[in-house]
Amino acid sequence: MKPSPTEFTDRRQALVSGLALRGIEDAAVRRAMLEVPRHRFLPEALSEFAYRDVPLPIDEGQTISQPYIVAWMTQAAALKSSSRVLEVGTGSGYAAAVASRVAGTVYSVERHRMLAESARARLAELGYSNVHVLRGDGTRGWPDHAPYDAILVAAGGPSVPEALLEQLAPGGTLVMPVGPADTQVLIRLRRAKDGTLEREEMGDVRFVPLVGEAGWKPRAGGLPGRGLPGLLRESVEPLDSIETGDLRQLVGRLARARVVLLGEATHGTSEFYRMRTRITRELVERHGFGIVAVEADWPDAARIDRYVRHLKPSSSPWKPFTRFPTWMWRNEEVRAFAEWLRRHNAEVHDPARRVSFSGLDLYSLFASADVVVRYLDTVDPEAARVARERYGNLTPWQSDPATYGRAVVSGRFQSCEPEVVKVLVDLLEQRLAYASRDGERFFDATQNARVVANAERYYRVMYQGNVASWNLRDQHMFDTLSTLLAFRGPSSKAVVWAHNSHLGDASATEMGTHGEHNVGQLCRRALGTEAYLVGLGTDHGTVVAATDWGGPMQVKQVRPADPRSIEAVCHQTGLPAFVLPLRDSRHEAVRDELAAPRLERAIGVIYRPETELLSHYFQASLANQFDAWVWFDETSALHPLGGGATEPGLPDTYPFGV
Ligand code: SAH
């Protein structure tokens, strides 16, 4: 379901208010930004994201510029209502449309025939009759209509083309990104009445390359310099097997960190769990890591902890990890890891030095979500449906437009709030009572009170389904991790397992522009280079996931990644698996290429391949998001354990079976 016209208008208004705060002071530019419907310049499937302040992919591997950059460049050009403007790089035609609202006439040149034609048709249809589009090499300008009062170049070139300088009128302004493929400086040149040029550097930007006679030379794939997949192939450390492959280089880098964060692009992929097991084993066995902390409910993870640390089995009657999404931690892969940890700990004689296993999430988050949905099912099915969509947002990027529409039906949902909170608090108090009976020292009385208060706040915030709920959860996970580290002393070191969207630095992704932060970002802020962020990704295969929150677990096909994504670049290397170091300076060229924002895929406990582009992709700068990236081209679904009967051959103390 597409957002309605009024929703588009509301979002555009919010975007423009943001621009005002960020220094777009020119009222005419702001009016133009308010007027031009950016969603009409995008492929329909992306219109949902039209008013986020990010560049987005259009055809021919090109991008529509970020709104802020369009506003900034237009403002920098100091246009008047009589100005004649030359634009190089029409792309979608969006920036030309914005300039046309401020200036007299806009002449825009685009080298791709298809883009030029569709932009021309679109601009005509929307009534921008003072914009003219030419297909051609814009590094030569458009001499027929010269001179221009302003020249705006929307692609990054090695230098300002001579022809453009010749076509700039006295008193005119040229704005252009200049520099190598990945980072350019935005340059403003002003020609004084006497013909002299004044040059000013406005800041770092990142544009697609200006390809042409006085730009970069055209090549297959369109990238200046070596093809990215080829460059990647030269820089990665190939991996032939998860269990026995040579990880010395990677582990050597991780060993120096205080906290190693191991991500995953899905919650249901066997390879991701096995790779994290392998890395964690190395860090525990050889480098003194003593804390394993995962994206799971505390009380449930505590059962595994008791098992692996040879503590007295719990006396609580409930079964861990038996509520949605059961498979995340109740699976063969985690069982194998837990068995190994238990064996490892058996050799560690000082109990205080045994490796612990803890859940970082808001106390009983998943169990609580399950209780809410079930309770609402009995009292108000419509509210339950809304709750399912809202809880879908617990895992990242369920931004299916249909969700918003339905979630608006929240009147009744809110009226259930007091009872729901009561059900939740009951559940939490019950669990906390068991925790204290089990002698969980971590949870003293004040911590207990905080757990209940935090949870309540969390569910209240979630009723509104906004940024605050995400931030609250990630802040809590970070705080729990910090408490664990402090509890184990100054030389303690931790390995964290959670989704890429929690562990990759949010400020390098679209999440950052929405004001969302996460565990990875908070760790970097607190620990600097002593936090090592590792992302794990895949192109295609199978995965365990559900279609709706609380719905049945399914094995689903993971579609081959979108051609514009970072996953597609990795796939094109032709390598089945590798480790890509991103922090090391020796790989500067790769780092530079991968600093550019690209689509990246995130699959949580819910996977909706039918609406994949909308629900599961976001913009990220991989090189800034992670310190290393681990790739598996083809992956397979993890192996969930059965429903809770004692697994044959396991002791009674076994956490999954009791
Ligand atoms: N302003 C555009 C963004 C364009 S991206 C928008 O708002 O949608 C840059 C565009 O410059 C791409 O479409 C690319 O094809 C084009 N381009 C690159 N080199 C060019 C050249 N030499 N002449 C004309 N267009 C060029």
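The text that follows walks through the structure, step by step, so that each part is easy to find. (Residues numbered from 1 in each chain as written. Predicted model: local features only at pLDDT ≥ 70, side-chain atom pairs only at ≥ 80, totals over all residues. Heavy atoms only, no water.)

### With respect to the overall build of the chain
When you go through the chain residue by residue, the secondary structure sums to 25 helices and 20 strands. Expressed as a percentage of the 658 residues in the chain, the buried residues total 61%. Sequence separation of 24 or more characterises 71% of the internal contacts of the chain that already satisfy a separation of 6 or more. For the chain, the exposed area adds up to about 25500 Å²; of that, 52% sits on carbon and sulfur atoms. (Helix = DSSP H or I, 4+ residues; strand = E, 2+ residues; numbered from the N terminus. Buried < 20%, exposed > 50% of the residue type's maximum accessible area, 1.4 Å probe, protein only. Contact = heavy atoms within 4.5 Å. Areas by Shrake-Rupley, 256 points an atom, 1.4 Å probe, with all protein chains shown as cover.)

### Concerning the packing of aromatic side chains
What the rule picks out here adds up to 18 aromatic pairs. Feature note: the residues Tyr273, Trp329, Phe337, Trp340, Phe357 and Trp497 constitute an aromatic cluster, connected by ring pairs. Lying across the ring of tyrosine 68, arginine 22 places its NZ or CZ 4.0 Å from the centre. Directly above the ring of tyrosine 273 sits arginine 276, whose terminal nitrogen or CZ lies 4.8 Å from the centroid. (Phe/Tyr/Trp six-rings, centres within 6.5 Å; stacked < 30°, edge-to-face > 60°. Lys NZ or Arg CZ within 6 Å of the ring centre and 35° of its normal.)

### A look at the nonpolar core
Core analysis: the biggest nonpolar cluster contains 67 residues, and Met275, Trp329, Phe357, Trp549 and Phe632 have the highest contact counts within it. When neighbours within four sequence positions are excluded, phenylalanine 632 is seen to be in contact with Leu239, Ile242, Glu271, Phe272, Met275, Leu536, Gly537, Thr538, Asp539, Pro576 and Ala577. (Core = buried A, V, L, I, M, F, W, Y, C linked by side-chain atoms within 4.5 Å.)

### Focus on helix H1 (residues 5-21)
Over its 17 residues, H1 extends 25 Å from the first C-alpha to the last, a length consistent with the 24 Å expected when each residue adds 1.5 Å. The positive-phi residue at the C-terminal boundary of H1 is glycine 23, with phi of around 95°. (Expected span 1.5 Å × (residues − 1).)

### Topic: the site of the ligand
Looking at the ligand, there are 27 residues lining it, with Ser92, Glu110, Asp137, Gly138 and Val211 nearest. One of the backbone N or O atoms of alanine 95 is found 3.2 Å from an oxygen atom in the ligand. Considering the ligand on its own, with 580 Å² of exposed area, one finds that the protein chains cover 99% of that surface. Of all the secondary-structure elements, those providing two or more residues to the shell around the ligand are strand S2 (63-64), strand S3 (84-88), helix H4 (94-102) and strand S4 (105-110). (Near = heavy atom within 4 Å. Polar contact = N/O pair within 3.5 Å; in protein donor to acceptor, adjacent residues only side chain to side chain.)

### Some details on the packing of helix H8 (residues 248-255) against helix H9 (residues 270-287)
One way to put it is that H8 packs onto H9 with a least axis distance of 10 Å and a crossing angle of 60°. As summarised for this structure, H8 and H9 are arranged oblique, according to the angle between their axes. Relative to H9, H8 is oriented so that their crossing is right-handed. Residues Leu250, Val251, Leu254 and Ala255 of H8 lie in contact with H9, whose contacting residues are Ile279, Glu282, Leu283 and His287. Residues belonging to the contact of H8 with H9 are distributed by class as follows: six nonpolar, one polar and one charged. (Axes fitted to C-alpha atoms, helices over the stretch in contact; angles between N-to-C directions. Parallel < 35°, antiparallel > 145°, perpendicular 65-115°, else oblique. Left-handed = near helix turned anticlockwise from the far one by under 90°. Nonpolar A, V, L, I, M, F, W, Y, C, P; charged D, E, K, R; others polar.)

### Overview of the pairing of strand S19 (residues 617-620)
The side chains of a regular strand alternate between the sheet's two faces. A two-sided burial pattern is seen for S19, the buried positions comprising Tyr617 and Gln619 on one face and Phe618 and Ala620 on the other. Bridge analysis of strand S18 (residues 598-601) against S19 gives four bridges, and the strand direction is antiparallel. Looking at S19, one finds that arginine 598 is bridged to alanine 620. (Pairing = 2+ DSSP bridges.)

### Here's the deal with the packing of H9 against helix H11 (residues 332-346)
A pair of packed helices is captured by two measures, namely the crossing angle of their axes and the spacing between those axes. As a packed pair, H9 and H11 sit with axes 9 Å apart at the nearest point and diverge in direction by 10°. In terms of their interaxial angle, H9 and H11 are classed as roughly parallel. Our pair here, H9 against H11, has a crossing hand that is right-handed. On H11, the residues touching Ser270, Tyr273, Arg274, Thr277, Thr280, Arg281, Val284 and Glu285 of H9 are Glu333, Val334, Phe337, Trp340 and His344. For the contact of H9 with H11, the class distribution of residues is five nonpolar, four polar and four charged.

### Remarks on the environment of lysine 217
With respect to the helices, strands and loops of the structure, lysine 217 is situated in the loop between strand S9 (197-205) and helix H7 (228-235). Judged by relative accessible area, which is 54%, lysine 217 ranks as exposed. Those residues in contact with lysine 217 that sit more than four places away from it in its chain are Val211 and Gly212.

### Details of the pattern of salt bridges
A full pass over the atoms with the stated rule returns 32 salt bridges. A salt bridge links glutamate 282 to arginine 286; the nearest nitrogen and oxygen atoms lie 3.3 Å apart. Taken together, the positions of glutamate 282 and arginine 286, both in helix H9 and four residues apart, correspond to about one turn of that helix. With relative accessibility at 13%, the residue glutamate 282 sits in the buried group. Here arginine 286 falls in the exposed class, since its relative accessible area comes to 55%. Linking arginine 524 and aspartate 627 is a salt bridge whose minimum nitrogen-to-oxygen distance equals 3.0 Å. On the criterion of sequence distance, the pair formed by arginine 524 in helix H21 (residues 519-527) and aspartate 627 in the loop between helix H25 (622-625) and strand S20 (628-635) is long-range, its members being 103 residues apart. Accessibility expressed as a relative area gives 21% for arginine 524, which makes it partly exposed. (Salt bridge = Lys/Arg side-chain N within 4 Å of Asp/Glu carboxyl O.)

### Remarks on the pairing of strand S13 (residues 356-359)
Both faces of S13 are covered, namely the face carrying Ser356 and Ser358 and the face carrying Phe357 and Gly359. Two strands pair when backbone bridges link them, and strand S12 (residues 291-294) and S13 are joined in this way by four bridges, in the parallel orientation. Across the sheet, residue valine 292 finds its bridge partner in S13, namely phenylalanine 357.

### Here's the deal with unusual backbone geometry
For residues that are not glycine, phi is negative in most cases, and the peptide bond is trans in most cases. A cis amide bond, omega 0°, links alanine 146 with the succeeding residue proline 147. Residue phenylalanine 324 is joined to proline 325 through a cis peptide bond whose omega torsion reads -10°. Looking at where proline 325 falls in the secondary structure, it is placed in the loop between helix H10 (298-308) and H11. In this model, histidine 310 sits at a positive phi of 60°, which is unusual for a non-glycine residue. Turning to its location among the elements, histidine 310 is positioned in the loop between H10 and H11. The exposure class assigned to histidine 310 is partly exposed, which follows from its relative accessible area of 33%. If you check the backbone angles, phenylalanine 321 has positive phi at about 55° while not being a glycine.

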